[in-house]
Every structure is written in structure tokens, then in C-alpha cells.
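Overview (structure and organization)
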Number of protein chains: 2
Amino acid sequence: MYSGKIKLAIVDDHPMILEGLKSLLQSETRLEIFTFTKGEAFLDFIRGNIVDMVLLDIVLNDGSGLNFCKTIKKNWPKTIVIGISNQAERSIIFQFIQNGANGYILKNADAQEIIDCIHDALNGKIAFSEEVQQIILSQPHDALEIPKLTKREKQILTSISSGYTTPQIAEMLFVSPMTIETHRRNLLQKFKAKNMIELVRIATEYKLL
Amino acid sequence: MYSGKIKLAIVDDHPMILEGLKSLLQSETRLEIFTFTKGEAFLDFIRGNIVDMVLLDIVLNDGSGLNFCKTIKKNWPKTIVIGISNQAERSIIFQFIQNGANGYILKNADAQEIIDCIHDALNGKIAFSEEVQQIILSQPHDALEIPKLTKREKQILTSISSGYTTPQIAEMLFVSPMTIETHRRNLLQKFKAKNMIELVRIATEYKLL
DNA sequence: TTTATTCTACCAGTTTACCGGGATATTTCA
DNA sequence: TGAAATATCCCGGTAAACTGGTAGAATAAA
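Residues numbered from 1 in each chain as written. Chains lettered and ligands numbered in written order. Predicted model: local features only at pLDDT ≥ 70, side-chain atom pairs only at ≥ 80, totals over all residues. Heavy atoms only, no water.

The name an unreviewed UniProt entry gives chain A is Response regulator transcription factor, with Sphingobacterium arenae as the organism.

The structure is reproduced here in C-alpha cells:
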């Protein structure tokens, strides 16, 4: 399938990580490595070149990394995308895979793990680093799904987390306090939280705030 | 001062970062580099060897990195300690410096910045990467100091953030609900927060939870 | 051994949050 | 176009949170 050199792009805004990965992959002579510190620079590159594989830094769960992955997969479906992240949460990993990614590596992985993952992915497998696999295997049927919030709910949750009370938020949004109360209840249900305090902590952990 | 080779230790549990730093510092022939993925392994090493400088990964604000810095400075005060972190918050940087560190570098720094910092530190200066300097210069007198919490306050805050109510926490700790109420008020004052919801968000941002 | 901090505890009162039920518009999207 | 999803609104009730002020013990630090 990959007869000649394999073109591997690494996108990460940390020069240290970039250098580290390059160094760890030096021994792999089949790889031709291109590095980018900006997503835009990479997009410019892939528009004019074939890229077999991308190692993509996933910083936040705000969707920036996720959307970037989507964009790549939509326009260049043959390009293999592997996420690299510090985020070790099961649900985040799944989200990423569900958006078309071919693998997920934690930043604390060592050289051999990374190389194995790249080989696996090139062979059409879904590639996970060891710790990621353990995370997936644990919690067989996790109850820890990231709740999907509507625009209004996000807006209200943000206000709540800033310390505003129901009457205050109602006034800000020109709606009845009763409406805000309803949204609060829906939020509590979605997060299965005991109260808004716990909810805000959970939402922050999920990087929703 | 440093006539022969300079012994530089790098402590970071991410092999990628370790490799990256090593690679970025390759051109510096005066440096003799030792890498460690565990803090304990480094302590074993420094007990039997002279170490001129340590690049120390600071993961959390829970004090683990901070205490490690303290330990080194207490027992080997001549060893130069430079923190490496993703934490870009002013107060955290100051905390680190106040604990004896000689410099602070953000992980998104490039090769030249890092090398400059190392040279500066070897010359007795306090070394900051560019972005760190900007952070320090901005916010001339920030109101964003991290409140210092007592053991009891931390304990209670943790319970609150888990969704427990005042009566519940009182029962768990075998004290009067009134006591918990008092602690709540002290916490709100320390954080200058409107209510516990906002407080939990702030505390999470400061990595206190 | 003082001083300072921390932990403890109380009363009274107002506001807000949460829970149990509802109901009716307005979008969104298949 | 029609079923979902979303956003809006209401009542009544209980529990909890927050605000005001106050103050005696137990520790820790000077």
C-alpha cells in the first residue's frame, strides 16, 4: 500500500513536542516527516501535497482539535489522523474516534508505543497507546458521557458558573425566571449532578466551560 | 564558573518532551544531559553526582512540583532549577520563583528561547521565556492572587464541590452545620466570589480541586 | 509566653435553589 | 409537512444558601 516514503505530518504548537516526536521517529527511515506549529500552515501544505498520516495535537475539548480532524477527514479521507493529547478521559477519546480519527496517543507514551501505533494505523488498524487502551478497557459501560448541551443551555450555564443567580440571568436574557429554573433542572438531569456546584465542577473537568 | 561540561538534568514524565529538549539542546556541546522520567530517579542521581542545572516539569499546582523544587534547593542550593510548564498563570509563576527556582519556561517556547534561558541562568540571572516575561509584565498589579486555604478549608471545599450540602458535610466531619457555614463564608471572602458556584469554577481554574 | 491563626459555634433573617408536578409555543430537521 | 427537539412559562412547597454580627477554644508561630 505504501510503497515509497510515507509522508508524515506533525501538527503541534509546542516546538519541544515537535522535536521530541521527530527525534523519536528518526530511526524509522521509511518516514518523511514534516512539522507544523500552526494548523493553517498544515492545511496549506496538504492542499498541495499528499499526506499519508497526521499526528495532531489535541489541546482542548472545545472542538478546535475535533473540528480540525473533521476537516481533514472530509477533504482528504485517505489521510490517517492520529490524535496526540494529554486528555486521558474515555469520553474524549471516543469523541475523537467517532469523528473519524484513526488513533489516539497520550503524550506520556514512549518511543516504541508511538512507532507501534504508526505501524498499526498504516496497516488499517485503529491505533491506541497502551494507557489509552487501558482507559478504554476500564469502565466497561461508562456512565460518564459528556452531556450534549444546547446553545441556550451553554449560555445559561456560563452565566451560572460566573456566579449569577436565576433572577439575574432572567433579567439579562429578557425571559422569565421560571424559564431559567427549567433550564437549570434540565442541566442537572443531563449531568446527573446533585446541585449546580457539582455540575460546574464536572463541566469544568469536561472542558465545557 | 562552569569550566568543564555543564551537567544538565531534565525531569519530565513525558518521553516526547524529554527527547524534544534533548534534541533542541544538541547543538550546545558544553552540556552533558541526563534525563529522568521519575522525580525519585533524579533524586537518587543527585545524591551521588553534582548537577549544575535541572529543567523540572511542573504539572500541577498541587505542590508536587513546588515541593520538589524546594527539596532540591534545600539540599543542593547551588543547583539551578528551571521550571518547565504549560501553566501560564502569573501567580503560579511567582509561587515557583518564590520557592527558589531560577527560571520558568513555557512548553511552547522554541529552541533559541530555551538556550537563552539556560545561558542566562548559568550567568546567575533569573531566566524567563518570552511569553512568561510578557505575562509578568502584563497585569501590573493583578487581583488574581491564589487564595491560601487551610487544611480544613480545602477539605470542606472538596466536599462542597462534590455536591454535598452543609448539613451533609457537618455530619461527615462530626461538627456543627454552623461551623461549615462559617467556613463557607470565609471561603467566599477569600475568593471574592459571589457564591459557591463561582468559587468552584475559580478554584478549578487555579487547579485547587 | 504572648500573639496570631485556625477551628469551632451560635442567632436571626432574606434570598435562592431545588423538586414535584405540569403546559404551550417555536425551531429544526428528516 | 410532521414529528422531535428546544425554549418558553406557571404553581406550590421544602431545603439550602447567603448575609449580618459575635465569640469562645484550640493550635501554631513568634
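Considering the side chain of Asn102(A)
Residues and elements named next belong to chain A. The following threshold applies: Numbered from the N terminus, helices here are DSSP runs of H or I no shorter than four residues, and strands are runs of E no shorter than two. When accessible area is computed with a 1.4 Å probe and restricted to protein chains, residues below 20% of their type maximum are described as buried, those above 50% as exposed, and intermediate ones as partly exposed. In what follows, a contact means two residues having at least one pair of non-hydrogen atoms within 4.5 Å.
With respect to the helices and strands, asparagine 102 occurs in the loop between α4 (90–98) and β5 (103–106). Since its relative accessible area comes to 18%, asparagine 102 is described here as buried. Setting aside chain neighbours within four positions, we find asparagine 102 in contact with Lys73, Thr79, Ile80, Val81, Lys125, Ile126 and Ala127.

A short note on the protein's contact with DNA strand C
The following threshold applies: When we say a residue is near a molecule or strand, we mean one of its heavy atoms is within 4 Å of it. We call two N or O atoms a polar contact when they sit within 3.5 Å, provided that within protein one can donate a hydrogen and the other can accept it, with sequence-adjacent residues counted only if both atoms are side-chain atoms. Three classes are used, and their members are as follows: Ala, Val, Leu, Ile, Met, Phe, Trp, Tyr, Cys and Pro are nonpolar, Asp, Glu, Lys and Arg are charged, and the others, Gly among them, are polar.
If you check the shell around DNA strand C, you find 19 residues, and the closest are Thr166(A), Thr150(B), Arg152(B), Ser176(B) and Thr179(B). A share of 58% is what sugar and phosphate atoms reach among the atoms of DNA strand C within 4 Å of the protein. Here a phosphate oxygen of DNA strand C and a side-chain polar atom of Arg184(A) are 3.3 Å apart. Contact between DNA strand C and His183(B): a phosphate oxygen at 3.3 Å from a side-chain N or O atom of the residue. When contributions to the surface near DNA strand C are tallied by element, the ones reaching two or more residues are α8 (166–173) and α9 (177–191) of chain A together with α7 (151–161) and α9 (177–191) of chain B. If you tally residues by element for the surface near DNA strand C, the top one is α9(B), at 5 residues. Each residue belonging to the surface near DNA strand C can be placed in one class, and the counts come to 5 nonpolar, 8 polar and 6 charged.

Looking at the domain arrangement of chain A
We apply this condition: What fixes the domain bounds is an automatic or database domain assignment.
Domains assigned within chain A are domain 1 (6–137) and domain 2 (151–205). The straight-line distance from the C-alpha centre of domain 1 of chain A to that of domain 2 of chain A is 36 Å.

Points about helix α8 (residues 166–173) of chain B
All names here are of chain B. Inclusion rule: Directions from the helix axis toward the C-beta atoms define the arc.
Of the residues making up α8, those classed as buried are Thr166, Ile169, Ala170 and Leu173. Here the buried residues of α8 occupy an arc of 105° about the axis, which is enough to place them on one side. Looking at α8, the residues exposed on the side facing more than 90 degrees away from the buried face are Pro167 and Glu171. Of the surrounding secondary structure, the elements contacted by the buried residues of α8 are α7 and α9. Immediately beyond the C-terminal end of α8, within one or two residues, lies phenylalanine 174, with a positive phi of roughly 60°.

Quick word on the sheet that holds strand β4 (residues 80–85) of chain B
Residues and elements named next belong to chain B. Where we set the bar: Pairing between strands is defined by DSSP: at least two bridges between them are needed. Orientation is described by lines fitted to C-alpha atoms, with helices fitted over the stretch in contact, and by angles between N-to-C directions that extend from 0 to 180 degrees.
Read across the open sheet, the 6 strands follow the order β2-β1-β3-β4-β5-β6; overall the sheet is parallel. Strand pairing shows two members of the sheet lacking a second neighbour, β2 (31–36) and β6 (127–128), which therefore form its edges. By the bridge criterion, 6 bridges tie strand β1 (residues 6–11) to β2 in an arrangement that is parallel. Opposite isoleucine 10, over in β2, you have threonine 35 as the bridge partner. Where helix α1 (residues 15–24) meets the sheet, it contacts β1, β2, β3 (53–58) and β4, and its direction lies at approximately 175° from that of β2. Sheet contacts for helix α6 (residues 130–137): β5 (103–106) and β6; angle to β5, the most-contacted strand, approximately 110°.

Here we look at the protein's contact with DNA strand D
Inspection of the region around DNA strand D gives 18 residues, with Thr150(A), Arg152(A), Ser176(A), Thr179(A) and Arg185(B) positioned closest. Within 4 Å of the protein, the contacting atoms of DNA strand D are drawn from sugar and phosphate to the extent of 59%. A distance of 2.7 Å is found between a phosphate oxygen of DNA strand D and a side-chain nitrogen or oxygen belonging to Arg152(A). Those elements that provide at least two residues to the surface near DNA strand D are α9 of chain A together with α8 and α9 of chain B. For the surface near DNA strand D, the element with the highest residue contribution is α9(A), accounting for 5 residues. Per-class residue counts for the surface near DNA strand D are 5 nonpolar, 8 polar and 5 charged.

Considerations on the sheet that holds β5(A)
The strands that make up a sheet pair up through hydrogen bonds in the backbone, lying either parallel or antiparallel. Residues and elements named next belong to chain A. In space, the 6 strands of this open sheet follow the order β2-β1-β3-β4-β5-β6, with parallel pairing throughout. The two strands at the open ends of the sheet, each matched to only one other strand, are β2 (31–36) and β6 (127–128). Here strand β4 (residues 80–85) pairs with β5 via 4 bridges, running parallel. Residue pairing across strands places isoleucine 82 opposite glycine 103, the latter belonging to β5. Contacting β1 (6–11), β2 and β3 (53–58), helix α2 (residues 39–48) runs over the sheet at an angle of about 135° to β2.

Looking at the packing of α9(B) against helix α10 (residues 196–205) of chain B
Residue and element names in this part refer to chain B. Rule in force here: Should an angle lie under 35 degrees it is considered roughly parallel, over 145 roughly antiparallel, and from 65 to 115 roughly perpendicular; all remaining angles are considered oblique. Left-handed is the label given to a crossing in which the near helix is rotated counterclockwise from the far helix by less than a right angle, and right-handed is the label when the rotation is clockwise.
Put simply, α9 and α10 touch, their axes get as near as 10 Å, and they point 60° apart. Here α9 lies oblique to α10, going by the angle between them. Read as a crossing pair, α9 and α10 show a hand that is left-handed. Each of Arg184, Leu187, Leu188 and Phe191 in α9 lies in contact with α10, whose residues at this interface are Met196, Leu199, Ile202 and Ala203.

Side note on unusual backbone geometry
Of note, the phi angle at Lys192(A) is positive, near 55°, even though the residue is not glycine. Residue placement: Lys192(A) occurs in the loop between α9 and α10 (196–205).

Some details on the interface of chain A and chain B
Going by this rule: As a working definition, buried area equals the accessible area (1.4 Å probe) given up by two parts on being put together, with both sides summed. By salt bridge we mean one thing: a side-chain nitrogen of Lys or Arg within 4 Å of a carboxyl oxygen of Asp or Glu.
In this assembly, 33 residues from chain A lie in contact with 33 residues from chain B. Across the chain A to chain B interface the summed buried area is about 2,700 Å²; carbon plus sulfur atoms make up 68%. Of all residues in chain A, the largest losses of buried area upon contact with chain B belong to Met16(A), Ile197(A) and Arg201(A), amounting jointly to 27% of the total for that side. Put simply, chain A and chain B have 0 salt bridges between them. If you list the elements that add at least two residues to the side of chain A that touches chain B, you get α1 (15–24), β5, α7 (151–161) and α10 of chain A. The element that contributes the greatest number of residues to the side of chain A that touches chain B is α1(A), accounting for 8 residues. The residue makeup of the side of chain A that touches chain B, split by class, is 15 nonpolar, 10 polar and 8 charged.

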